[in-house]
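# Notes for the structure review
So the chains spell out like this:
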Amino acid sequence: MTTTPPSAEWATRRTYAIISHPDAGKTTLTENLLFAAGSIRLAGQVRARGENRRTRSDWMKIEQDRGISVSASVMTYEHRGLTFNLLDTPGHEDFSEDTYRTLTAADSAIMVLDAARGVEPRTLKLVEVCRLRDIPILTFINKLDREALAPEELLDDIQDKLALDTAPMQWPAASGQRFGGVMDLKRDAFIPFRPDAGELSSGRPVPASEMAGLLSDDVHGELVEGIDMARELCPAYNQQSYEEGHMTPVYFGSALRRFGVVELLDALAEVAPGPQVEKAVVRKAEAEIAPGDKQVSGFVFKVQANMDPNHRDRVAFVRLASGRFKRGMKLKTDKGKSLTVSSPIMFFAQDREIADEAFAGDVIGIPNHGLLRVGDSLSEAGDILFAGIPNFAPEILRRARLADPLKAKHLKKALESLAEEGVTQLFRPVIGGDFIVGAVGQLQIEVMAERVAAEYGIDVTFEAAPYETARWISGSDADIEKFADRHKSAIAEDIDGDPVFLAKSAWEVSYSEEKWPDLKFLRAKERN
Ligand code: GDP
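As the structure is a computational prediction, the values presented were derived from the model and not from experiment.

Here the focus is the overall build of the protein. From N to C terminus, the protein includes 14 helices and 33 strands. A burial count over the protein gives 45% of its 528 residues as buried. When contacts within the protein are restricted to residue pairs at least 6 apart in sequence, those whose partners lie at least 24 apart make up 73%.

As structure tokens, then:
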């Protein structure tokens, strides 16, 4: 019997996330990407297959007993001989640090823009997070079946707001009612839009010389002009520049009409990078962990807790960084705690036989009772510490006010525990006894308030705090001390005891940056 060497397995993984502003079409695109890949059986449904029966029962037991819904966290499909892991980033109201952290587990991202709106505020923030690790971004401009901004305006918008070079890979023929299809600039072929064609409205590509016959004169004229402009004025696509996060290749389509979706799948297969070398610390020395390394390692990027107060179970989502993971394996955290991973939740592509193994780029869910925290590293020897999952500067800060001051110790424990889980962040101002909690999204605050009440039985209100944001202060100890001395009422410690500046406004942050050039006021803090 021959087994595939692990190097071959990890190299076929493409792990990515979709980023967008609400309503741009992320959900619709996700569904249709999976449909186009022939894998509408999502992770949750894949388990109905006979050969995966054991896994199915494991999973269902976890979901039923513990009330945790994990099905949609990772969606796996195969396309062109590659295994794609699409990581779900929670959208809409449940926007939180989870969304940001998920990006730390992805090797690339698809940015979806609404063609009528261009770059919107949340897109901007998510791209900022991609930048922390220079994650390559591929752009899909959606809703071409509706009236859209001119393609050149959209490209300018990306360039201006996101400082990304744009390389149009396609050029659309008008939009809305007049939308005729897109020109594939590289292959010089025209893909006609056939709105009545049923499942996929991307028609068979025709040579550019034949497109005139498929379009009205005015649409054809506009398209020819646009193509000329794109070829003359836009930079050519450069794979290295994309991989380094400087350039984004741009595609156009309609997720709802399933136009351009197969082309997007193909594009991703063509350009998206697989697992990369990760920076880590091994026994106090800086090291690089390569996806083909023998030792199994990974890091926790998300922890999903049970909302049922009678169960304290959690599922830790671990992105594997190296090695061949096998069910039943013993792993150690960077803090030396060991656990036997007997019932990991694994995410499968359809028809994959080796359900008991996973490789770099894959995600496994590990049920545990609170042992694993967001940011933890895991490895066989317990000697690897990954550079870390960052905490992000909170945009909502609330002061915890107790009904019964005697419960302060109790509250401290509850808030610390939730901060360790990554639900919210916790800050202790150096003056006064208040607790300040921070989050990047409102839902985080609501989840926290609910859990403090339900799980810990503490009567507490979270009232507005006079701060707009928190920044981690970095610099020499002497400089930090001097700054802290001058701003006593605005200094706090985070859960690790690191100094934080609680700023009343963004202006106050820039002002401090100017006045204290030797200090840095960080928007993200790496946890390790
Ligand atoms: P999300 O918030 O980014 O996940 O966006 P959704 O996928 O939920 O889409 C938001 C709305 O836009 C829904 O009403 C979709 O039907 C609609 N939508 C998504 N893609 C398209 C498209 O290509 N064309 C049109 N006309 N509507 C779309």
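Another aspect to go through is the nonpolar core. A109, V318 and L502 are the most contacted members of the largest nonpolar core, which totals 137 residues. Of all the elements, strand β15 (residues 314–322) adds the most residues to this core, at six residues. Discounting chain neighbours no more than four positions away, the residues touching A109 are Y16, A17, I18, I19, L103, C130, I135 and I137.

Strand-to-strand pairing in sheets goes through backbone hydrogen bonds, with the strands running parallel or antiparallel. The mixed open sheet is built from seven strands, whose spatial order is β2-β3-β1-β4-β5-β11-β6. Strand pairing shows two members of the sheet lacking a second neighbour, β2 (74–79) and β6 (165–168), which therefore form its edges. The average angle at which neighbouring strand axes cross in this sheet is 30 degrees, direction not considered. The sheet contact formed by strand β5 (residues 137–142) and strand β11 (residues 247–252) spans three bridges and is parallel. Bridge pairing links I141 to F252 in β11.

Neighbouring the ligand are 17 residues, the closest being G25, T27, T28, S254 and L256. If you tally residues by element for the shell around the ligand, the top one is helix α2 (residues 26–36), at three residues. Here the shell around the ligand is built from residues that sort into four nonpolar, seven polar and six charged.

Listing the buried residues of helix α10 (residues 261–271) in full gives V261, E263, L264 and L268. Axial view of α10: buried residues confined to an arc of 150 degrees, hence all on one face.

This part takes up the packing of helix α11 (residues 408–421) against helix α12 (residues 442–456). Interaxial distance between α11 and α12 falls to 11 Å at its minimum, and their mutual angle equals 125 degrees. By the angle between their directions, the pair α11 and α12 is classed as oblique. With respect to the hand of their crossing, α11 and α12 are arranged in right-handed fashion. Here H410, A414 and L418 of α11 come into contact with α12, specifically with M448, R451, V452 and Y456. Across the contact of α11 with α12, the residue classes tally to five nonpolar, one polar and one charged.

With that out of the way, let us pick up the sheet that holds strand β23 (residues 384–386). Spatial strand order, β13-β12-β23: three strands in an open sheet with antiparallel pairing. Only two strands of the sheet have a single neighbouring strand rather than two, namely β13 (285–289) and β23. With direction set aside, neighbouring strand axes in the sheet form an average angle of 40 degrees. In this structure, strand β12 (residues 278–282) lies alongside β13, joined through five bridges in antiparallel fashion. Opposite K279, over in β13, you have E288 as the bridge partner.

Our next topic: the environment of S216. Summarising the element assignment, S216 is placed in the loop between β10 (206–207) and α8 (217–233). Along the backbone, S216 and A358 are 142 residues apart, and their C-alpha atoms lie at a distance of 52 Å.

Moving on to the packing of α2 against α10. Orientation of α2 relative to α10, taken along the N-to-C sense of each, is 80 degrees, at an axis distance of 9 Å. For the element pair α2 / α10, the angle class is roughly perpendicular. Counting all contacts with α2, which are made through N32, L33 and A36, the residues of α10 involved are V261, V262, L264 and L265.

Where burial is concerned, most of strand β14 (residues 297–305) is hidden: eight out of the nine residues are buried. Pairing analysis gives three bridges linking β14 to strand β22 (residues 377–379), with the strands arranged antiparallel. Paired with G298 across the bridge in β22 is L378.

Let's shift gears to unusual backbone geometry. The phi angle at A163 is positive, at roughly 50 degrees, despite the residue not being glycine. Tracing the sequence through the fold places A163 in the loop between α7 (151–162) and β6. A positive phi angle, near 55 degrees, is found at R258, a position not held by glycine. Structurally, the position occupied by R258 is in the loop between β11 and α10.

Right, let's get into the environment of A230. The topology assignment puts A230 in helix α8. Remark: the alpha-carbon pair of A230 and W171, spanning 59 residues in sequence, is separated by 7.8 Å.

Confidence in the prediction for the protein averages 86 pLDDT; 87% of positions are at 70 or higher. The low-confidence segment residues 40–71 (pLDDT under 50) makes 48 contacts with residues lying over four places distant or belonging to another chain. Residue range residues 349–354 is modelled with pLDDT below 50. Its contacts to residues more than four positions away, or to other chains, number eight contacts. For this predicted complex, the interface confidence score (ipTM) comes to 0.99, while the overall pTM stands at 0.84.

Every other side chain in a regular strand lies on the same face of the sheet, so the side chains alternate between the two faces. In sequence, β12 turns back onto β13 through a hairpin of two residues, with R283 there showing a positive phi of about 45 degrees. Inspection of the sheet shows β12 paired to β23 by three bridges, in the antiparallel sense. Bridge assignment links A280 to a residue of β23, and that residue is F386.

The topology assignment puts G118 in the loop between β4 (108–114) and α6 (121–132). Owing to 20 C-beta atoms within 10 Å, G118 belongs among the buried residues under this scheme. Expressed as a C-alpha distance, the spacing of G118 and L155, which sit 37 residues apart in the sequence, is 8.7 Å. The residues touching G118, leaving out its near neighbours within four places in the chain, are L113, L149, L154 and D157.

Definitions and limits used
- Residue positions within a chain follow its written sequence, with the count starting from 1.
- At least 70 in pLDDT is required for a residue's local features to be given in this predicted model, at least 80 for side-chain atom pairs to be given and counted, and no such filter applies to totals for whole chains, interfaces and linings, which use all residues.
- A run of DSSP states H or I qualifies as a helix once it reaches four residues; a run of E qualifies as a strand once it reaches two. Both are numbered from the N-terminal end.
- Put plainly, a residue is buried at 20 or more neighbouring C-beta atoms within 10 Å of its own, exposed at 12 or fewer, and partly exposed in between, counting only other residues' C-beta atoms, which are placed from the backbone.
- Distance between backbone-placed C-beta atoms decides contact: two residues are in contact if it is within 7 Å.
- Any set of buried Ala, Val, Leu, Ile, Met, Phe, Trp, Tyr and Cys residues joined through C-beta atoms within 7 Å is what this text calls a nonpolar core.
- At least two bridges found by DSSP between two strands are what make those strands a pair.
- Lines fitted to C-alpha atoms define the axes, with helix axes restricted to the stretch in contact, and inter-axis angles between N-to-C directions lie between 0 and 180 degrees.
- Nearness rests on one distance test: the residue's C-beta atom, set from the backbone, must lie within 6 Å of the molecule or strand.
- Gly is put with the polar residues, along with every residue not named as nonpolar or charged; the nonpolar set is Ala, Val, Leu, Ile, Met, Phe, Trp, Tyr, Cys and Pro, and the charged set is Asp, Glu, Lys and Arg.
- Within this analysis, the arc is defined by the directions that extend from the helix axis to the C-beta atoms.
- Orientation is classified from the angle alone, with under 35 degrees giving roughly parallel, over 145 giving roughly antiparallel, 65 to 115 giving roughly perpendicular, and any other angle giving oblique.
- Two helices cross in a left-handed way if the nearer one is turned anticlockwise from the farther one by less than a right angle. They cross in a right-handed way if the turn is clockwise.
- Values of pLDDT, which run from 0 to 100, indicate the predictor's confidence residue by residue.

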